[in-house]
Amino acid sequence: MLKKVFDIIKLSLNGEEQDYTQGSIRKAVILLAIPMILELSLESVFALVDMFFVGKLGQNAIATVGLTESVITLIYSIAIGLSTAATAIVARRIGEKNPEDAALAGAQSLIICLLVTVVISITGVVFAGNILSLMGANATVVHDGAIFTRIMFGGSLGIMLLFLINGIFRGAGNAAIAMKSLWLASLINIILCPVFIHFLGLKGAAIATVIGRSSGVVYQCYWLFNGKGTLKFKLKHFNINTTIIKSIIKVGWPATLQFIVASGSWIALARLVAETGGTAASAGYQIAIRNMVFFILPAWGLSNAAATLVGQNLGAKQIERAQKSAVLTAKYNASFMGFVMILFLVFAHPIVSFFTQDEAIIRYGVQALRVFGSGYIFFGISMVMTQALNGAGDTRTPTIINFVCFWLFQIPFAYFLSVGLDLKATGAFIATPVAETMIALIAWYYFRKGNWKTLKV
């Protein structure tokens, strides 16, 4: 039995291509999930490493990184939106046994990515200080942190391509390459971050992050153009194809809006915490968020497995198999997040105190971590259900769900608790698991309803 487990793990990590439209669903979930979980675990390490070393620079540095990352999530949203579209379309074509059109769709998504990134980078570099001010940062944080924000936005191409190309690999079922690219990016960042911070201060953290992500992109591009798998890019695939670009945009813009809505709510809550609780509350909140992300990203990796399985099986006309794959993945994710919930409720204090010795920051961070953790089982379910819908190409339904639950409920509810009931930062903390629970229940309902089964992409 143990040998069988190790054989499956080895198979999932060595990058051998599999047909996920046949055979055991449980094995298919595991083969995809292991590299996807490890991929995004390293991405979460990426975030924690920055926070650990930046934490040694004091409250203002922590607040700068946290507030900048809150805005950078908008870039993540666009990247994940394009990535979601690429995964859905590439997975369909692979399921249809049409790798040539899969490569063509992936290449066209890269063209869109490059055009969008130019606008984002210029805007972020020029208005870095204004961005921090809009996020509620005080004058000192703006003065000291603008260079960090400027570098992070200037290097946003690395973020965009890292997410997008990994989405292409995931759609093709080659999760091992996606995992290894993030391993490389994270390891380089872990090595460079303390060195650069020591010599360059806060801006050194930004430079290390940009170099790390860019290294991952170089590795991805090597496998895209020189790999020996089913999916291989050629220059002819980059000839502009307006039909495919329209198809990617049709699937991608709701997915982008979906994550912008979610990210926007996090930005609103980060600002609310900064306004009602001050710098200590903001720093504690950011440490809690980083730890929350550390465990959410592996769960997101499991959710991505559901997206790939749904997309490929729909392409192969295996509709019942697509549904069973998503339900089984949801059960696994809920179990994992239940364990994390217990971890956060019991060990919140030692987790937060690892990053800072400031008692005020620790107090807020512990409270935030425990409140967030209380809703983790529903976080796990909501991620799988929304990703299953996204993998089917139904990106509009999760977008509407996010808008209703985040913007029409979570933000007003958080302001009511924080300002109306004078709970201050605690109100923002409480609103988070309540909103995620709503998303889980509504997304489950629409998945079971089954309209996604008939979509064409």
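A brief report on the enclosed structure follows. Not measured: the values here are computed from a predicted model. (Residues numbered from 1 in each chain as written. Predicted model: local features only at pLDDT ≥ 70, side-chain atom pairs only at ≥ 80, totals over all residues. Heavy atoms only, no water.)

**Observations regarding the packing of helix α14 (residues 396-420) against helix α15 (residues 425-449)**
When two helices pack together, their arrangement is given by the angle between the helix axes and by the axis-to-axis distance. Going by this rule: Helix axes are fitted only over the stretch in contact, all axes being lines through C-alpha atoms; the angle between N-to-C directions runs from 0 to 180 degrees. By the criteria applied, helices consist of DSSP H or I runs no shorter than four residues and strands consist of E runs no shorter than two, each listed in order from the N terminus. Roughly parallel means an angle under 35 degrees; roughly antiparallel, over 145; roughly perpendicular, 65 to 115; everything else is oblique. We call a crossing left-handed when the near helix sits turned anticlockwise from the far one by less than a right angle, and right-handed when that turn is clockwise. When residues are sorted by character, Ala, Val, Leu, Ile, Met, Phe, Trp, Tyr, Cys and Pro go into the nonpolar class, Asp, Glu, Lys and Arg into the charged class, and all the rest, Gly among them, into the polar class.
For the pair α14 and α15, the least separation of the axes is 9 Å and the interaxial angle reads 155°. Between α14 and α15, the crossing angle belongs to the class labelled roughly antiparallel. Crossing handedness for the pair α14 and α15: right-handed. Here the residues of the contact of α14 with α15 sort into 17 nonpolar, six polar and one charged.

**Remarks on the pattern of salt bridges**
Formally: The salt bridge criterion pairs a side-chain nitrogen of Lys or Arg with a carboxyl oxygen of Asp or Glu, the two atoms within 4 Å. Relative accessible area decides the class of each residue, using a 1.4 Å probe on protein chains only: under 20% of the type maximum gives buried, over 50% gives exposed, and in between gives partly exposed.
In the structure shown here, the tally under the stated rule is five salt bridges. Note that Lys97 and Asp19 form a salt bridge whose closest N and O atoms lie 4.0 Å from each other. One end of the pair, Lys97, is in the loop between α3 (59-95) and α4 (99-126); the other, Asp19, is in the loop between α1 (2-13) and α2 (25-54), and 78 residues separate them in sequence. On the accessibility criterion, Lys97 (54% relative accessible area) is exposed. Glu275 is the salt-bridge partner of Arg271, the closest N and O atoms lying 3.0 Å from each other. With Arg271 and Glu275 both in helix α10 (residues 242-315) and four residues apart, the pair spans about one turn of that helix.

**Concerning the side chain of Glu436**
The criterion, for reference: Definition of a polar contact: a pair of N or O atoms within 3.5 Å, with one able to donate and the other able to accept a hydrogen when the atoms are protein atoms, and with sequence-neighbouring residues admitted only if both atoms are side-chain atoms. Between two residues, a contact is recorded if the distance between any of their heavy atoms is within 4.5 Å.
Within the secondary structure layout, Glu436 lies in helix α15. For Glu436, a relative accessible area of 9% puts it in the buried group. Side-chain polar atoms of Glu436 contact the side chain of Ser382, separated by 3.4 Å. Setting aside anything within four residues of it in sequence, one finds Glu436 in contact with Phe378, Phe379, Ser382 and Phe406.

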